[in-house]
Amino acid sequence: MSVNASWACQESVMDARVQANSNGTYAISATTLHRDEGYKYYVNKFEVLYIHEKVLATHVLFHPLVDELRFSHSIGNVTVPVGTTSVIIRPHDSNHGNA
């Protein structure tokens, strides 16, 4: 399965990876590029989507990473519908919303 990234001028997914788990689910990780400025403006989640932007999983970030321009997070045990060949990673920030 491949992973596609969604981006905007505010936040970007620089790298995304998918790994099949032995139980039929997937571990999906993303490295996001964003200049967090504190709680008023930071990447506060990323979503894993498939066809027609249906959300498969959401990883919520509860605090800004002010001193890190690039940071990685992952979601384990994501159930992906049979036959899906690609998913999308979509970042979201606390000021602009979805990329």
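Provided above is the structure to which this section pertains.
No experiment lies behind these values; they were computed from the predicted model shown. (Residues numbered from 1 in each chain as written. Predicted model: local features only at pLDDT ≥ 70, side-chain atom pairs only at ≥ 80, totals over all residues. Heavy atoms only, no water.)

Peer 1: Lay out unusual backbone geometry in plain terms, naming residues and giving numbers.
Peer 2: Positive phi outside glycine occurs at E53, with the angle close to 60°. Locating E53 in the fold gives a position in the loop between β4 (43-50) and β5 (54-60). Overall, the relative accessible area of 56% leaves E53 in the exposed class. The residue N77 is not glycine, and still its phi comes out positive at about 55°. Relative to the helices and strands, N77 resides in strand β6 (residues 70-78). (Helix = DSSP H or I, 4+ residues; strand = E, 2+ residues; numbered from the N terminus. Buried < 20%, exposed > 50% of the residue type's maximum accessible area, 1.4 Å probe, protein only.)

Peer 1: Break down the pattern of salt bridges for me, citing the residues and quoting the values.
Peer 2: Side chains that differ in sign of charge can pair as their charged atoms come close. Enumeration according to the criterion identifies four salt bridges in this entry. E53 serves as the salt-bridge partner of R90, at 3.2 Å between the closest nitrogen and oxygen. Note that R90 is positioned in strand β7 (residues 86-93) and E53 in the loop between β4 and β5, a separation of 37 residues in sequence. A relative accessible area of 11% means that R90 is categorised as buried. Ionic contacts of the salt-bridge type, sharing partners, join the residues K45, E47, E53 and R90 into one network. (Salt bridge = Lys/Arg side-chain N within 4 Å of Asp/Glu carboxyl O.)

Peer 1: Can you lay out the side chain of T84 for me, pointing to particular residues and giving the numbers?
Peer 2: Note that T84 resides in the loop between β6 and β7. The exposure class assigned to T84 is buried, which follows from its relative accessible area of 17%. Of note is the side chain of T84, whose polar atom sits 2.9 Å from the backbone oxygen of P81. (Polar contact = N/O pair within 3.5 Å; in protein donor to acceptor, adjacent residues only side chain to side chain.)

Peer 1: So, the nonpolar core: which residues are in play, and what are the values?
Peer 2: Ranked by size, the top nonpolar core spans 12 residues in total: V13, I28, A30, F46, V48, Y50, A57, I75, V78, V80, V87 and I89. Of all the elements in the fold, those that place two or more residues in this core are β3 (26-33), β4, β6 and β7. In terms of residues, this core owes the most to one element, β4, which gives three residues. (Core = buried A, V, L, I, M, F, W, Y, C linked by side-chain atoms within 4.5 Å.)

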